[in-house]
Amino acid sequence: MTNFEIFYDKTVTGQAEMVKEGLYYKIHCICTLPNSGIHRIILADGETVQDLGICVPVKDKFVLNASVPVKNIKGD
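Residues numbered from 1 in each chain as written. Predicted model: local features only at pLDDT ≥ 70, side-chain atom pairs only at ≥ 80, totals over all residues. Heavy atoms only, no water.

Side note on unusual backbone geometry
Across the chain, the bulk of peptide bonds are trans and the bulk of non-glycine residues have phi less than zero. As a reminder of what qualifies: Helix and strand assignments come from DSSP, with helices taken as H or I runs of at least 4 residues and strands as E runs of at least 2, each series counted from the N terminus. Three exposure classes are used, based on accessible area relative to the maximum for each residue type with a 1.4 Å probe and protein chains only: buried under 20%, partly exposed in between, and exposed over 50%.
For K10, which is not glycine, the phi torsion reads 65 degrees and is therefore positive. Even without a glycine there, the phi angle at K59 is positive, about 55 degrees. Inspection of the secondary structure assignment puts K59 in the loop between β6 (56-58) and β7 (61-69). According to the relative accessible area criterion, K59 is exposed, its value standing at 83%.

Written out as structure tokens, the structure is:
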């Protein structure tokens, strides 16, 4: 399992956990965001940029679960 920080306007607002399962990375994101608008999580690996989807409000947090093929993540 690898952990990454999630940023919103250069401020850390959450954590993402990434686990390799077969041919996919399973990604679980939890964020605390400043407003209740629509928020997307974007994965940038140094070579590519991929939209993981829209966060869903759960109580006072925003959550996103996504699966990404291992071949789509090329950088670190």
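A look at the sheet that holds strand β1 (residues 2-8)
The pairing of strands in a sheet happens through backbone hydrogen bonds and is either parallel or antiparallel. Let me state the cut-off plainly: Note on pairing: two strands pair once DSSP finds at least 2 bridges between them. Between N-to-C directions, angles cover 0 to 180 degrees, with each direction set by a line fitted to C-alpha atoms, over the stretch in contact for helices.
Within the open sheet, the 5 strands sit side by side as β1-β2-β3-β7-β6. Their pairing is antiparallel. Of all the strands in the sheet, the pair left with one neighbour each is β1 and β6. On average, each strand axis in the sheet is tilted by 30 degrees relative to the strand beside it, whichever way the strands run. As paired elements, β1 and strand β2 (residues 11-21) share 7 bridges and run antiparallel to each other. Opposite E5, over in β2, you have Q15 as the bridge partner.

Quick notes on the environment of P69
The condition is simple: Throughout, a contact is declared for two residues whenever any of their heavy atoms are within 4.5 Å.
Relative to the helices and strands, P69 is located in strand β7. Exposure remark for P69: the relative accessible area of 22% places this residue in the partly exposed category. Sequence-distant contacts of P69, defined by excluding residues within four places in its chain, comprise L23 and Y24.

Details of the packing of aromatic side chains
For clarity, the threshold we go by: What counts as a ring pair is set by centres within 6.5 Å for rings of Phe, Tyr and Trp (its six-membered ring), and what kind of pair is set by the plane angle: stacked under 30 degrees, edge-to-face over 60, tilted for all other angles. When the NZ atom of lysine or the CZ atom of arginine is within 6 Å of a ring's centre and also within 35 degrees of its normal, the charge is said to sit over that ring.
For the structure on display, the rule yields 0 aromatic pairs. Lying over the aromatic face of Y24, K26 brings its terminal NZ or CZ to 6.0 Å of the ring centre.

Some details on the pairing of β7
As defined by bridge partners, strand β3 (residues 24-31) adjoins β7 across 8 bridges and the pair is classed as antiparallel. Bridging across to β7, I30 finds its partner in V63. With 3 bridges joining them, β6 and β7 adopt antiparallel strand pairing. Looking across to β7, one finds that V58 is bridged to K61.

Quick look at the layout of surface pockets
Condition: Using a 1 Å grid laid over the protein atoms alone, points where a 1.4 Å probe fits but cannot get out form a cavity; open sets with protein on both sides within 12 Å along at least 5 of 7 lines form a pocket; any residue with an atom within 4 Å of a point counts as lining. Grid points are joined across faces, edges and corners, and a volume is the space filled by probe spheres set on the points.
Each pocket or cavity is described by its volume, and for the largest pocket that value is around 470 Å³. Taken together, 25 residues make up the lining of the largest pocket; nearest its centre are F4, E5, I42, L43 and A44. Every element with two or more residues in the lining of the largest pocket is listed here: β1, β2, β3 and β4 (40-44).

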